[in-house]
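# Observations on the three-dimensional arrangement
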Amino acid sequence: MSDAARTDSEAVEQANTAFYEAMERGDFEAISDLWLDEAHGGISCVHPGWPVLNGRGEVLRSYALIMANTDYIQFFLTDVKVSLAGDTALVTCTENILSGGPAEEGADLGPLVGQLVVATNVFRRTADGWRIWSHHGSPVLAETGEEEADENPA
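I will try to describe carefully the structure that is included in this document. (Residues numbered from 1 in each chain as written. Predicted model: local features only at pLDDT ≥ 70, side-chain atom pairs only at ≥ 80, totals over all residues. Heavy atoms only, no water.)

Along its 13 residues, helix α3 (residues 56–68) runs 18 Å from first to last C-alpha, staying within 8% of the 18 Å computed at 1.5 Å per residue. Inspection of α3 places R56, V59, L60, S62, Y63, I66 and M67 among the buried residues, and these make up the whole buried set. The arc that holds every buried residue of α3, seen down its axis, measures 150°, which confines them to one face. Set apart from the buried face of α3 by more than 90 degrees, the exposed residues are R61 and A68. (Helix = DSSP H or I, 4+ residues; strand = E, 2+ residues; numbered from the N terminus. Expected span 1.5 Å × (residues − 1). Buried < 20%, exposed > 50% of the residue type's maximum accessible area, 1.4 Å probe, protein only. Arc of directions from axis to C-beta.)

So, in structure tokens, the structure goes:
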């Protein structure tokens, strides 16, 4: 890998990390700054279980809604892979998510829930650095012991 490609790859990975860190902080302004603006074309986003969202307004409203209804969220990213093609970059990763909703009366934090999501984040290079063009998250369905028992009948 050339030094320029390594530098681009590192910059994309930093932008990807910044995206998840902004979500953890609930920093809507930082999230907004990380997405492409309308001058660079349409953006899209698919949250796990949601329909596709198109356009900056729909996408950013979805993040505002998520942040308003999530008191705690933490991402542990694994299997991060960056691929570059000119001014476009593709990042695939596994989001190991720990989140909590609003607390019940008298509690400091709502119940915590773990979730595993595979994500694809597409970035485009701009004069201001790498910006998110598209995000697609898909839940990972856990296998149960029952499925294995069905495959191996006695």
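Across a sheet, paired strands are connected by hydrogen bonds in the backbone, their directions being either parallel or antiparallel. Reading across from one edge, β2-β1-β6-β5-β4-β3 is the order of the six strands in this open sheet, with mixed pairing throughout. Looking at the sheet topology across the chains shown, the edges are occupied by β2 (53–54) and β3 (72–85). The sheet contact formed by β3 and strand β4 (residues 88–100) spans 12 bridges and is antiparallel. Note that in β4 the partner of S83 across the bridge is L90. (Pairing = 2+ DSSP bridges.)

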